[in-house]
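So the chains spell out like this:
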Amino acid sequence: MMLLKTFFALCVALLVSGAPTEEQLEKRQRAAVITRCTVPNTAALTFDDGPYWYIYDLSRLLKANNATGTFFFNGNNYGCIYSEDNVKRVRYAYNQGHQIASHTWGHRDLTTLTWDQMALRRITGAVPAFMRPPYGNYNNLVLDASGIRKQSVVIWDFDSGDSVGVSPANQKTRYTQLANRRPSTILALNHEVHASTVFDVMPHAINQLRAKGYRLVSVAECLGRAPYQSVGSPEARTSAWTC
Ligand SMILES: *[C@@H]1O[C@H](CO)[C@@H](O)[C@H](O)[C@H]1NC(C)=O
Ligand SMILES: [Zn+2]
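Each value, and the rule that gives it
- Residues numbered from 1 in each chain as written.
- Chains lettered and ligands numbered in written order.
- Predicted model: local features only at pLDDT ≥ 70, side-chain atom pairs only at ≥ 80, totals over all residues.
- Heavy atoms only, no water.
- Axes fitted to C-alpha atoms, helices over the stretch in contact; angles between N-to-C directions.
- Helix = DSSP H or I, 4+ residues; strand = E, 2+ residues; numbered from the N terminus.
- Parallel < 35°, antiparallel > 145°, perpendicular 65-115°, else oblique.
- Contact = heavy atoms within 4.5 Å.
- Nonpolar A, V, L, I, M, F, W, Y, C, P; charged D, E, K, R; others polar.
- Salt bridge = Lys/Arg side-chain N within 4 Å of Asp/Glu carboxyl O.
- Buried < 20%, exposed > 50% of the residue type's maximum accessible area, 1.4 Å probe, protein only.
- Core = buried A, V, L, I, M, F, W, Y, C linked by side-chain atoms within 4.5 Å.
- Disulfide = S-S within 2.5 Å.
- Donors = N, O, S within 2.8 Å, 3.2 Å for Na, K, Ca; no water.

Caption draft 1: Structural detail: the packing of helix α3 (residues 55-64) against helix α4 (residues 84-95). α4 packs onto α3 with a crossing angle of 10° between their chain directions and a minimal axis gap of 10 Å. In this view, α3 runs roughly parallel relative to α4, as classed from their interaxial angle. Touching I55, Y56, S59 and R60 of α3 are D85, K88, R89, Y92 and A93, all from α4. When grouped by side-chain class, the residues that make up the contact of α3 with α4 number 4 nonpolar, 1 polar and 4 charged.

What follows is the structure, given as C-alpha coordinates:
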(Lines give C-alpha, C1' and ligand atoms only; values in the text may rest on other atoms or scores of the structure.)
(Ligands and ions follow the chains in the order given, each with its own letter.)
Protein backbone atom coordinates (compact mmCIF):
# COMPACT_ATOMS: atom_id res chain seq x y z
CA MET A 1 0.00 0.00 0.00
CA MET A 2 2.79 2.36 1.02
CA LEU A 3 4.70 1.47 -2.12
CA LEU A 4 1.69 2.00 -4.30
CA LYS A 5 1.10 5.42 -2.74
CA THR A 6 4.70 6.40 -3.32
CA PHE A 7 4.51 5.20 -6.89
CA PHE A 8 1.35 7.19 -7.45
CA ALA A 9 2.90 10.32 -5.94
CA LEU A 10 5.91 9.92 -8.18
CA CYS A 11 3.72 9.63 -11.25
CA VAL A 12 1.88 12.80 -10.33
CA ALA A 13 5.16 14.62 -9.67
CA LEU A 14 6.48 13.54 -13.04
CA LEU A 15 3.32 14.60 -14.78
CA VAL A 16 3.41 18.00 -13.13
CA SER A 17 7.10 18.71 -13.62
CA GLY A 18 7.44 16.94 -16.95
CA ALA A 19 10.25 14.39 -16.91
CA PRO A 20 13.19 15.41 -19.09
CA THR A 21 13.35 13.52 -22.34
CA GLU A 22 16.50 11.69 -23.31
CA GLU A 23 17.21 14.44 -25.80
CA GLN A 24 16.97 17.14 -23.14
CA LEU A 25 19.32 15.19 -20.86
CA GLU A 26 21.80 14.92 -23.71
CA LYS A 27 21.60 18.61 -24.48
CA ARG A 28 22.20 19.51 -20.86
CA GLN A 29 25.50 17.61 -20.90
CA ARG A 30 26.76 18.61 -24.30
CA ALA A 31 29.46 21.30 -24.20
CA ALA A 32 28.90 24.73 -25.67
CA VAL A 33 30.98 25.64 -28.73
CA ILE A 34 32.53 29.10 -28.71
CA THR A 35 33.62 30.60 -31.99
CA ARG A 36 33.92 34.27 -31.09
CA CYS A 37 34.48 36.68 -28.24
CA THR A 38 31.49 38.56 -26.90
CA VAL A 39 32.94 41.49 -24.92
CA PRO A 40 33.26 44.40 -27.37
CA ASN A 41 36.73 45.71 -28.22
CA THR A 42 38.55 42.57 -27.09
CA ALA A 43 40.99 40.42 -29.02
CA ALA A 44 42.05 37.07 -27.60
CA LEU A 45 45.36 35.69 -28.86
CA THR A 46 45.41 31.92 -28.38
CA PHE A 47 48.36 29.55 -28.69
CA ASP A 48 48.04 25.81 -29.29
CA ASP A 49 50.24 22.72 -29.10
CA GLY A 50 52.63 23.68 -26.27
CA PRO A 51 54.15 23.75 -23.76
CA TYR A 52 57.23 24.54 -25.84
CA TRP A 53 60.61 26.28 -25.81
CA TYR A 54 59.43 29.77 -26.83
CA ILE A 55 56.89 30.25 -24.08
CA TYR A 56 59.13 32.52 -21.97
CA ASP A 57 59.81 34.86 -24.88
CA LEU A 58 56.17 34.79 -25.92
CA SER A 59 55.00 35.59 -22.39
CA ARG A 60 57.49 38.47 -22.11
CA LEU A 61 56.26 39.89 -25.43
CA LEU A 62 52.65 39.66 -24.30
CA LYS A 63 53.31 41.18 -20.87
CA ALA A 64 55.36 44.01 -22.38
CA ASN A 65 52.26 44.88 -24.41
CA ASN A 66 49.76 44.57 -21.57
CA ALA A 67 48.38 41.46 -23.22
CA THR A 68 47.14 38.20 -21.71
CA GLY A 69 47.47 35.05 -23.78
CA THR A 70 45.53 31.80 -23.73
CA PHE A 71 47.50 28.57 -23.97
CA PHE A 72 45.83 25.36 -25.08
CA PHE A 73 48.33 22.78 -23.82
CA ASN A 74 48.73 19.16 -24.83
CA GLY A 75 49.68 16.40 -22.41
CA ASN A 76 52.04 14.69 -24.79
CA ASN A 77 52.50 16.24 -28.21
CA TYR A 78 55.83 18.03 -28.69
CA GLY A 79 56.95 16.55 -25.39
CA CYS A 80 55.68 15.11 -22.14
CA ILE A 81 53.96 17.77 -20.03
CA TYR A 82 55.48 16.19 -16.91
CA SER A 83 59.11 16.74 -18.01
CA GLU A 84 61.04 19.11 -15.74
CA ASP A 85 61.14 21.75 -18.50
CA ASN A 86 57.47 21.51 -19.39
CA VAL A 87 56.25 21.65 -15.81
CA LYS A 88 58.28 24.87 -15.43
CA ARG A 89 56.84 26.28 -18.65
CA VAL A 90 53.23 25.55 -17.68
CA ARG A 91 53.70 27.01 -14.20
CA TYR A 92 55.44 30.07 -15.62
CA ALA A 93 52.61 30.82 -18.05
CA TYR A 94 50.01 30.25 -15.33
CA ASN A 95 51.85 32.37 -12.75
CA GLN A 96 52.23 35.18 -15.28
CA GLY A 97 48.44 35.33 -15.41
CA HIS A 98 47.92 33.81 -18.83
CA GLN A 99 44.96 31.51 -19.24
CA ILE A 100 45.67 27.79 -19.23
CA ALA A 101 43.34 25.52 -21.16
CA SER A 102 43.49 22.03 -22.57
CA HIS A 103 44.13 20.79 -26.08
CA THR A 104 43.68 17.06 -25.31
CA TRP A 105 46.39 14.65 -24.32
CA GLY A 106 48.11 13.43 -27.45
CA HIS A 107 46.58 15.74 -30.08
CA ARG A 108 44.81 12.72 -31.51
CA ASP A 109 43.28 10.38 -29.06
CA LEU A 110 40.05 11.79 -27.70
CA THR A 111 39.46 8.66 -25.62
CA THR A 112 42.22 9.84 -23.25
CA LEU A 113 40.55 13.22 -22.89
CA THR A 114 40.65 13.27 -19.13
CA TRP A 115 44.41 12.97 -18.56
CA ASP A 116 45.38 16.40 -19.85
CA GLN A 117 42.96 18.01 -17.42
CA MET A 118 44.46 16.02 -14.55
CA ALA A 119 48.01 17.02 -15.55
CA LEU A 120 47.14 20.73 -15.63
CA ARG A 121 45.48 20.49 -12.22
CA ARG A 122 48.46 18.67 -10.73
CA ILE A 123 50.95 21.17 -12.18
CA THR A 124 49.07 24.45 -11.58
CA GLY A 125 46.27 23.64 -9.13
CA ALA A 126 43.71 24.98 -11.61
CA VAL A 127 41.03 23.00 -13.45
CA PRO A 128 40.51 24.59 -16.88
CA ALA A 129 37.03 25.60 -17.96
CA PHE A 130 37.92 25.62 -21.67
CA MET A 131 39.36 23.19 -24.17
CA ARG A 132 40.17 23.21 -27.87
CA PRO A 133 39.91 20.02 -29.91
CA PRO A 134 42.81 19.31 -32.30
CA TYR A 135 42.25 20.88 -35.73
CA GLY A 136 39.12 22.49 -34.31
CA ASN A 137 37.30 19.26 -35.17
CA TYR A 138 34.44 18.08 -33.04
CA ASN A 139 31.36 15.92 -33.20
CA ASN A 140 28.67 15.12 -30.65
CA LEU A 141 30.97 12.62 -28.95
CA VAL A 142 33.57 15.33 -28.33
CA LEU A 143 30.90 17.75 -27.11
CA ASP A 144 29.47 15.12 -24.76
CA ALA A 145 32.91 14.27 -23.38
CA SER A 146 33.71 17.95 -22.86
CA GLY A 147 30.29 18.54 -21.35
CA ILE A 148 30.91 15.83 -18.77
CA ARG A 149 34.21 17.57 -17.92
CA LYS A 150 32.26 20.86 -17.70
CA GLN A 151 34.48 22.47 -20.32
CA SER A 152 33.42 24.70 -23.18
CA VAL A 153 34.89 24.00 -26.59
CA VAL A 154 36.78 26.96 -28.08
CA ILE A 155 37.26 27.33 -31.82
CA TRP A 156 38.32 30.66 -33.44
CA ASP A 157 37.18 33.28 -35.94
CA PHE A 158 40.65 34.15 -37.26
CA ASP A 159 43.44 31.77 -38.27
CA SER A 160 46.95 33.15 -38.78
CA GLY A 161 47.65 30.08 -40.89
CA ASP A 162 50.88 29.31 -39.04
CA SER A 163 50.13 25.59 -38.78
CA VAL A 164 49.19 25.09 -42.42
CA GLY A 165 52.21 26.51 -44.20
CA VAL A 166 51.21 30.16 -44.69
CA SER A 167 54.45 32.19 -44.86
CA PRO A 168 55.22 34.55 -41.99
CA ALA A 169 54.94 37.49 -44.43
CA ASN A 170 51.46 36.41 -45.42
CA GLN A 171 50.47 35.76 -41.81
CA LYS A 172 51.45 39.36 -41.03
CA THR A 173 49.38 40.55 -43.98
CA ARG A 174 46.42 38.61 -42.61
CA TYR A 175 46.79 40.38 -39.27
CA THR A 176 47.13 43.78 -40.96
CA GLN A 177 43.96 43.17 -42.98
CA LEU A 178 42.14 41.91 -39.90
CA ALA A 179 43.10 45.01 -37.92
CA ASN A 180 41.99 47.23 -40.79
CA ARG A 181 38.64 45.44 -41.00
CA ARG A 182 38.35 46.21 -37.28
CA PRO A 183 35.69 43.64 -36.20
CA SER A 184 34.27 44.28 -32.74
CA THR A 185 36.04 41.21 -31.33
CA ILE A 186 38.74 38.77 -32.42
CA LEU A 187 39.45 35.18 -31.39
CA ALA A 188 42.77 34.34 -33.06
CA LEU A 189 44.40 30.94 -33.57
CA ASN A 190 48.20 30.68 -33.37
CA HIS A 191 50.71 27.97 -32.42
CA GLU A 192 53.47 28.62 -29.92
CA VAL A 193 55.67 25.89 -31.42
CA HIS A 194 56.79 27.96 -34.43
CA ALA A 195 59.68 30.39 -33.92
CA SER A 196 58.32 32.63 -36.70
CA THR A 197 54.98 32.92 -34.89
CA VAL A 198 56.58 34.03 -31.64
CA PHE A 199 59.43 36.20 -32.93
CA ASP A 200 58.12 37.56 -36.23
CA VAL A 201 54.34 37.44 -36.58
CA MET A 202 53.27 38.14 -32.99
CA PRO A 203 55.19 41.42 -32.54
CA HIS A 204 53.55 42.66 -35.75
CA ALA A 205 50.11 41.35 -34.84
CA ILE A 206 50.22 42.89 -31.37
CA ASN A 207 51.29 46.27 -32.77
CA GLN A 208 48.51 46.24 -35.34
CA LEU A 209 45.82 45.24 -32.85
CA ARG A 210 46.98 47.70 -30.20
CA ALA A 211 47.04 50.50 -32.76
CA LYS A 212 43.35 49.78 -33.39
CA GLY A 213 42.58 50.04 -29.70
CA TYR A 214 41.79 46.43 -28.88
CA ARG A 215 42.21 45.12 -25.36
CA LEU A 216 44.34 41.98 -25.69
CA VAL A 217 42.76 39.60 -23.21
CA SER A 218 42.32 35.92 -22.45
CA VAL A 219 39.51 33.87 -23.94
CA ALA A 220 37.77 33.85 -20.57
CA GLU A 221 37.94 37.66 -20.36
CA CYS A 222 36.75 38.14 -23.92
CA LEU A 223 33.66 36.13 -22.94
CA GLY A 224 33.20 37.67 -19.51
CA ARG A 225 33.63 34.26 -17.91
CA ALA A 226 35.90 32.55 -15.39
CA PRO A 227 38.93 30.74 -16.84
CA TYR A 228 38.86 27.87 -14.35
CA GLN A 229 36.34 25.55 -12.75
CA SER A 230 38.41 25.73 -9.59
CA VAL A 231 41.83 26.90 -8.43
CA GLY A 232 44.02 25.39 -5.73
CA SER A 233 47.62 24.67 -4.86
CA PRO A 234 49.91 22.93 -7.31
CA GLU A 235 50.95 19.44 -6.31
CA ALA A 236 54.48 18.16 -5.76
CA ARG A 237 55.86 15.79 -8.37
CA THR A 238 55.26 12.08 -7.73
CA SER A 239 56.19 8.94 -9.63
CA ALA A 240 52.73 9.08 -11.23
CA TRP A 241 53.80 12.07 -13.32
CA THR A 242 54.60 10.14 -16.47
CA CYS A 243 53.40 10.17 -20.04
C1 LIG B 1 45.87 46.87 -19.92
O2 LIG B 1 44.90 45.86 -20.18
C3 LIG B 1 43.79 45.89 -19.31
C4 LIG B 1 42.95 44.67 -19.58
O5 LIG B 1 42.52 44.63 -20.89
C6 LIG B 1 43.04 47.21 -19.51
O7 LIG B 1 41.95 47.26 -18.64
C8 LIG B 1 44.00 48.37 -19.26
O9 LIG B 1 43.34 49.57 -19.58
C10 LIG B 1 45.24 48.24 -20.12
N11 LIG B 1 46.22 49.27 -19.74
C12 LIG B 1 46.89 49.95 -20.66
C13 LIG B 1 47.88 50.93 -20.12
O14 LIG B 1 46.75 49.80 -21.86
ZN1 LIG C 1 46.78 21.68 -32.17
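Caption draft 2: Quick look at the pattern of salt bridges. Going through the model one piece at a time under the given rule, you end up with 6 salt bridges. Put simply, D57 and R60 hold a salt bridge, and the shortest N to O gap is 3.4 Å. With D57 and R60 both in helix α3 and 3 residues apart, this pair spans about one turn of that helix. For the salt bridge of D200 with K172, the shortest nitrogen-to-oxygen distance reads 2.6 Å. On the criterion of sequence distance, the pair formed by D200 in helix α8 (residues 195-211) and K172 in helix α7 (residues 168-181) is long-range, its members being 28 residues apart. Judged by its relative accessible area of 24%, K172 falls in the partly exposed class.

Caption draft 3: Representation of the nonpolar core within the structure. By size, the foremost hydrophobic cluster in this structure holds 41 residues, and its most contacted members are L45, Y175 and L209. Of all the secondary structure elements, the ones that give two or more residues to this core are β2 (42-48), α3, β3 (69-73), α4, α5 (113-124), α7, β9 (186-191) and α8. Looking at this core element by element, the count peaks at 6 residues for α8. Setting aside residues no more than four positions away along its own chain, L209 makes contact with A43, L45, Y175, A179, I186, Y214 and L216. Listed in part, the 14 residues of the second largest apolar core include F72, V154, L187 and V219.

Caption draft 4: Spotlight on unusual backbone geometry. A cis amide bond links G50 to the next residue, P51, at an omega of 5°. The phi angle at N41 is positive, at roughly 70°, despite the residue not being glycine. Of note, N41 is situated in the loop between β1 (33-34) and β2. On the basis of relative accessible area, N41 is assigned to the partly exposed category, the value being 27%.

Caption draft 5: Inspection of the state of the cysteines at higher detail. The tally for this structure, following the rule as stated, stands at 2 disulfides. A disulfide bridge connects C37 with C222, and the sulfur atoms are separated by 2.2 Å. Judged by the torsion about the S-S bond (-75°), the C37/C222 disulfide is left-handed. You can see C37 sitting in the loop between β1 and β2 and its partner C222 sitting in helix α9 (residues 219-223), a full 185 residues away along the chain. You'll find C37 and C222 in the same group, each marked buried. Disulfide partner of C80: C243, at an S-S distance of 1.9 Å. Here the disulfide of C80 and C243 is right-handed, its torsion about the S-S bond being about 80°. Of the two residues, C80 sits in the loop between β3 and α4 while C243 sits in the segment after β11 (228-230), which places them 163 residues apart along the sequence. Accessibility expressed as a relative area gives 46% for C243, which makes it partly exposed.

Caption draft 6: Representation of the coordination of the zinc ion (ligand 2) within the structure. On the protein side, the zinc ion (ligand 2) has D49 (OD), H103 (NE2) and H107 (NE2) as donor atoms, found 2.1 Å from it. Using a relative accessible area of 9% as the deciding quantity, one classes D49 as buried. On the basis of relative accessibility, which here comes to 1%, the residue H103 falls in the buried class.

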